[in-house]
Each structure stands twice: as C-alpha cells, then as structure tokens.
Amino acid sequence: MNQQNAKKVLITGASGFIGSHLVREALDRGYEVWAGVRSTSSLANLPQDKTRFIDLKYNNIQDMAEQLAQVRQEYGVWDFVVHNAGLTKALRPRDFALVNTEYTYNLIYALAKADCRPSKFLLMSSLSCFSGGDPKKPEPISSSDVPNPTTDYGKSKFLAEMHLKEQKEFPYLIFNPTGVYGPGDRDYLMEIESIRAGFDFAIGMKPQYLTFIYVKDLARAVFEALETEAAKNKRYFVADGDVYTDSQFAQIIRETLGKKHLFRLRIPKWLAWTVCCLSEITGRLTGRASTLNRDKYKILSQRNWICDAEPLQRETGFRPAYDLRHGMKETIEYINSKRLNNKQSHR
C-alpha cells in the first residue's frame, strides 16, 4: 500500500507485550503506524524505521488536546485509535484508577477537543471486568452478562469502558480478551519456568476452567474488527474457542518443554492468599509491583474463565490461527532463544 494513501492508526502502550504485536500486525497490513510510548519506554521490540512515535500527555486534557491538534494539522486524523496502554499490576489501587480509568477518559475527550476524531476507537479492556463464570459448572460468560468486577484492576477497566460508552464523539469497540500469551509475555512465563524446573502449583482443590488467546491472533482480531464496517459500538470477548482445565494447561506446557516428570501440587486457597499478601508487601517495600498480590489472587481463585467468543467470529469473520499447543510451541521456542542468547552474552 502506498504510504501516502495508507490508513493511519494510533496504538497506545505500543512498547509492551500486546502493543508490540499490534504494531507489527498494523505494519503488515500496510498502515501508517503511530506508536504511543512513554519517553522512558524501551523501543527494542518495535521496528523504529517504520513507525512514528508520540509520547501522549495523558495527565492533562488541554495539553494533550493541543498535542493532538498539532499532529492533526501536520499529518491528518488517525483513522483508528487502539487504546492498549494500561496497568495490569500496581503498588496501589489508585494507580489502576489513574492510568486505566482517568487516562482513558482524558484521551477520549482530548481527541474530541482537538477535532481528532477517529473512525473507530478500540479499547483493550479485560475479562476481569466480569467476575468469572458459574464456578459450579463450565458455562461461558456472555457479552450480555452484567459486568461485575471484583478486582481493583477489573474495576478500573470497567470504569474506562463506561466512559467510552457514554461519549458520543466517535464509534467504539471494547475488547475483553481472555488469558493472552505469547512471545514477550511475563505473566505466564512464571508458570512455564516453574514447570521447566519440574513443579506445577495450582490454587484450590477444584479444577479451574481456562481459556486463552495467542497474542498474534489477538492482534489480528483487533484489525479484523476495526476493518469490519458493521462492527461498531460493541463489546467482544476474544478467545481461541477451546477450554482447558488448569491440569491440561500444565500438561501442554510440560509436553512442549519435553519434561518427562512433573510434580503437581494443589495449594489451599488460604495458603495462596498468604503468599500473595506477602508478595504484595515485598513489592511495596521494594517499590516494584509484584505479579502475585491480593488483586491477582481473586483472579487465580476464580474457577471458571470460559467466555463466549462466537459473536466476534460471526460478526467480523475472525478465525484464530493458533490453538494452545501451537501457540505454546512458538512461545517456548522464543523463551528458549532468549535464554540461549543471554547465556552466550554472559560468556
């Protein structure tokens, strides 16, 4: 596609795990890509020669509106905005509220104030806006269900959704992906490395029902939805369509790693709660947000994370290219490559 005639997309949180894959997908589709990144963010995972960069002034609507107006005057309006930036872990609940809720509100209204209205605005939200499915039977969460977030993270994302739905400046899409994994992810890396060491720790005595989406499929789904004219002012769950128990998930990782033996231990919820509390305290003392905390415990203890992704496939034509085995194989190959490179660099 001629760059001069290419559609333009702004992707916030572009330097992160999901964001970097969104950038690559957009470039592959011929978009002129603007990557929203902080001045302190590493650009190592982004094709810098093909991407424009912008450090948005989220903390002030007026300042950001002036910034956006300048971009509009010089380069024109973005066709699409994918607001992917946000916190998934934080030292304090107010950090979630500031970054995930207030900054989303500021971006929405700065775009309008600057007359920089996109054809569609897609918010990357979370399945955590819902409290999980029925824990007693594996029935999926539906987009028609009433959101009922139980975590500070989920509440901050839900309030961001409300701001987006209340505005009338431009059409929107809300994506609620299930567990996202793939090259560059750090959350599932903990479990992969634990299983590599021969141990798998599961929380609770009952099976947990899980769903997943490979990050490359998620990136494709975003643009399939943006490019589908009829997909407007809607919420979509994003998953590959398969359901796994926590034991099956661990088994797939074990087999992909080539581990012959795995010691599996189910941890009582009270002990998991204690570990998460201690981890959170340690994080506050060190000033670094921990992956394990009281907020994360609520997600880990929920038994049913099945969601209905059929509307996305039916209405946009999106079909996942990866099942969990295929995606996990690529993920572990990436991890192994990084491990090897790190060993060689330290010789």
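Given the structure is predicted, the values throughout are model-derived calculations rather than measurements.

> So, the pairing of strand E11 (residues 234-238): which residues are in play, and what are the values?
The element E11 is extensively covered by neighbouring structure, given that four of its five residues are classed as buried. Taken together, the five bridges between strand E6 (residues 172-177) and E11 define a ladder with parallel strand orientation. Residue pairing across strands places Ile174 opposite Arg235, the latter belonging to E11.

> Give a description of the packing of aromatic side chains that names residues and reports values.
Scanning the model with the defined rule gives 20 aromatic pairs in all. Judged by centre distance (6.1 Å) and plane angle (90 degrees), the ring pair of Tyr181 and Phe212 falls under edge-to-face. In this pair, Tyr181 is assigned in strand E7 (residues 179-181) and Phe212 in strand E10 (residues 212-214), connecting sequence segments 31 residues apart. Judged by relative accessible area, which is 1%, Tyr181 ranks as buried. Site record: aromatic cluster; members linked through ring pairs are Tyr181, Tyr188, Phe212, Tyr214, Tyr244, Phe249 and Tyr322.

> Quick rundown of a nonpolar patch on the surface? Include the residues and the values.
A surface patch of nonpolar side chains, amounting to about 380 Å² of accessible area, comprises Phe199, Phe201, Phe263 and Leu265. Mapped onto the nonpolar patch, the elements with two or more residues apiece are strand E8 (199-203) and strand E13 (263-267).

> Pulling in residues and values, what's your account of the sheet that holds E6?
Hydrogen bonds between backbone groups are what pair the strands of a sheet, and the pairing can be parallel or antiparallel. Judged by pairing direction, the sheet is parallel, and its seven strands sit side by side in the order E3-E2-E1-E4-E5-E6-E11 without closing on themselves. Both outer strands of the open sheet, strand E3 (51-54) and E11, are each paired with one neighbouring strand and no more. Geometrically, the sheet is characterised by an average inter-axis angle of 20 degrees between neighbouring strands, direction not taken into account. Two strands pair when backbone bridges link them, and strand E5 (residues 120-124) and E6 are joined in this way by four bridges, in the parallel orientation. Bridged to Leu122 within E6 is Leu173. Contacting strand E1 (8-12), strand E2 (32-36) and E3, helix H2 (residues 61-75) runs over the sheet at an angle of about 150 degrees to E3.

> Go over helix H5 (residues 187-196) with me, naming the residues and quoting the values.
Of the residues making up H5, those classed as buried are Ile192, Ser194, Ile195 and Arg196. Positive backbone phi, approximately 100 degrees, marks Gly198, located one or two places after H5.

About the thresholds
- Residues numbered from 1 in each chain as written.
- Predicted model: local features only at pLDDT ≥ 70, side-chain atom pairs only at ≥ 80, totals over all residues.
- Heavy atoms only, no water.
- Buried < 20%, exposed > 50% of the residue type's maximum accessible area, 1.4 Å probe, protein only.
- Helix = DSSP H or I, 4+ residues; strand = E, 2+ residues; numbered from the N terminus.
- Pairing = 2+ DSSP bridges.
- Phe/Tyr/Trp six-rings, centres within 6.5 Å; stacked < 30°, edge-to-face > 60°.
- Patch = residues over 30% accessible without salt bridge, like charges linked within 9 Å, V, L, I, M, F, W, Y side chains within 5 Å.
- Areas by Shrake-Rupley, 256 points an atom, 1.4 Å probe, with all protein chains shown as cover.
- Salt bridge = Lys/Arg side-chain N within 4 Å of Asp/Glu carboxyl O.
- Axes fitted to C-alpha atoms, helices over the stretch in contact; angles between N-to-C directions.
- Contact = heavy atoms within 4.5 Å.

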